[in-house]
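Listed here are the chains, written in short residue letters.
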Amino acid sequence: MASPATGYRKGATSKVSCNDVAALVAAAMLRTNRDARVLPFEVDVVPITLDPFARLAVNTAKLAAIGGGGTSVSAPLAMLNAERAAVDLVVIVSDNQSWVDNRGGATATMREWDKIVRRNPRAKLVCVDIQPHGSTQASGRPEILNVGGFSDAVFDTIARFANGEARDWVSVVNETEV
């Protein structure tokens, strides 16, 4: 998560890290959805206290200070399952360098997500991979949206998906003016 959000590109490498982007997304979502839970993760979920009424910069700085040690994307899902939490929308932001615990054809992320969906059949999952590559933690299904890259349009895309206005990335791309 410490690498530049743009990746390393001659003359175009960003000073903004993937961790900075993830922190901003989480803080912004908490600011607009004050009942949201933010579960930052490395090897496991990192406990943190955030103020949903704080300025965006305050929570972003707290979240950006977390980093290193691994990217276990399934950790927050496992925590939600252990708590038997009610879930309607989960947004995971990663640099796409996450652990793909591939046993029996499914990632640990998908195994944990399947448990959540069994308890919460209307739940939706959004995976934002800041530096997308050729794989994903969650396979495409109607309740899963995979977003590759990051811009301010990601917030609108997530909101539209959560509201049922966009079912998958193909419809989002087809509706985007270039």
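Residues numbered from 1 in each chain as written. Predicted model: local features only at pLDDT ≥ 70, side-chain atom pairs only at ≥ 80, totals over all residues. Heavy atoms only, no water.

1. Quick look at the layout of surface pockets
Heads up, the condition is: Buriedness of a pocket was judged along seven lines, with at least five required to meet protein on both sides within 12 Å; pockets are open sets of points on a 1 Å grid over the protein atoms alone, cavities are sets where a 1.4 Å probe fits but cannot get out, and lining residues have an atom within 4 Å of a point. Grid points are joined across faces, edges and corners, and a volume is the space filled by probe spheres set on the points. The helix count covers DSSP runs of H or I at least four residues long, the strand count covers runs of E at least two residues long, and both are numbered beginning at the N terminus. The residue classification treats Ala, Val, Leu, Ile, Met, Phe, Trp, Tyr, Cys and Pro as nonpolar and Asp, Glu, Lys and Arg as charged. All others, Gly included, are polar.
Size it by volume and the largest pocket reaches roughly 1,200 Å³. Met29, Arg37, Val38, Leu39 and Val91 are the residues nearest the centre of the largest pocket, which is lined by 45 residues in total. For the lining of the largest pocket, the secondary structure elements donating two or more residues are helix H1 (18–32), helix H3 (74–83), strand S1 (89–94) and helix H5 (153–162). A total of nine residues in the lining of the largest pocket trace back to one element, the largest contributor, which is H1. Its residues assigned to classes, the lining of the largest pocket shows 30 nonpolar, nine polar and six charged.

2. Notes on the packing of aromatic side chains
Put simply, the rule reads: Ring pairs are drawn from Phe, Tyr and Trp, using the six-membered ring of Trp, whenever the two centres fall within 6.5 Å, and their geometry is named by plane angle: stacked under 30 degrees, edge-to-face over 60, tilted for the rest. Type-normalised accessible area, obtained with a 1.4 Å probe on protein chains alone, sets the label of each residue: buried when under 20%, exposed when over 50%, and partly exposed for intermediate values. Definition used: whenever NZ (Lys) or CZ (Arg) falls within 6 Å of the ring centre and also within 35 degrees of the ring normal, the charge is taken to sit over that ring.
Considering all chains together, one arrives at one aromatic pair under this definition. For the ring pair Phe150 and Phe155, a centre distance of 6.0 Å and an interplane angle of 85 degrees mean the geometry is edge-to-face. Using a relative accessible area of 31% as the deciding quantity, one classes Phe150 as partly exposed. Over the ring of Phe161 we find Lys124; its NZ or CZ atom is 5.2 Å from the centre of that ring.

3. Quick notes on the sheet that holds strand S2 (residues 124–129)
How we decide: Only when DSSP finds a minimum of two bridges between them are two strands counted as paired. Working convention: axes come from line fits to C-alpha atoms, limited for helices to the stretch in contact. Angles between N-to-C directions cover 0 to 180 degrees. Contact between two residues is taken to exist if any of their heavy atoms lie within 4.5 Å; hydrogens are not considered.
Taken in spatial order, the three strands line up as S1-S2-S3 in an open sheet, and their pairing is parallel. With one partner strand each, in any of the chains shown, S1 and strand S3 (144–148) form the two edges of the open sheet. Neighbouring strand axes in the sheet, compared pairwise and without regard to direction, differ in orientation by 15 degrees on average. Of the strand pairs in this sheet, S2 and S3 are connected by five bridges, and their pairing is parallel. Note on S3: the bridge partner recorded for Asp129 is Gly148. Its contacts with the sheet put H5 on S1, S2 and S3, and the angle it makes with S2 is roughly 165 degrees.

4. Things to note about the packing of H3 against helix H4 (residues 108–119)
Convention followed: An angle below 35 degrees is treated as roughly parallel, one above 145 as roughly antiparallel, one from 65 to 115 as roughly perpendicular, and anything else as oblique. Helix crossings are classified by the rotation of the near helix relative to the far one: an anticlockwise turn of less than a right angle makes the crossing left-handed, while a clockwise turn makes it right-handed.
With their axes 9 Å apart at the nearest point, H3 and H4 run at an angle of 30 degrees to one another. Regarding the angle of H3 to H4, the classification is roughly parallel. Considering the relative orientation of H3 and H4, their crossing is left-handed. For the pair formed by H3 and H4, the contact residues are Ser74, Leu77, Ala78, Leu80 and Asn81 on the first element and Ala108, Thr109, Glu112, Trp113, Lys115, Ile116 and Arg119 on the second.

5. Section: the nonpolar core
The condition is simple: Residues enter a nonpolar core if they are buried and are Ala, Val, Leu, Ile, Met, Phe, Trp, Tyr or Cys, with the set joined through side-chain atoms within 4.5 Å.
Counting residues in hydrophobic clusters, the biggest one holds 19 residues, and the most contacted among them are Leu80, Val87, Val90, Ile92, Trp113, Ile116 and Leu125. Secondary-structure elements contributing two or more residues to this core are H3, S1, H4 and S2. If we ignore the near neighbours within four places in the chain, the residues touching Leu80 are Arg37, Leu39, Ala85, Val87, Val90, Ile116 and Arg119. Counting 13 residues, the second-largest nonpolar core is a separate cluster that includes Met29, Val93, Ile130 and Ile158.

6. Thoughts on the confidence of the model for the protein chain
As a reminder, the rule being used: One number per residue, pLDDT, summarises how confident the predictor is, and it ranges from 0 to 100.
For the protein chain, per-residue confidence averages 82 on the pLDDT scale, and residues scoring 70 or more make up 78% of the total. Per-element mean pLDDT across the protein chain ranges from 66 in helix H6 (residues 169–175) up to 95 in H3.

7. Some details on H4
For clarity, the threshold we go by: Each helix should span, by expectation, one fewer than its residue count multiplied by 1.5 Å.
The terminal C-alpha atoms of H4 lie 17 Å apart, and with twelve residues this matches the ideal 16 Å at 1.5 Å per residue to within 8%. For H4, every residue scored as buried is listed here: Ala108, Thr109, Met110, Glu112, Trp113, Ile116 and Val117. Elements in contact with the buried residues of H4: H3, S1, S2 and S3.

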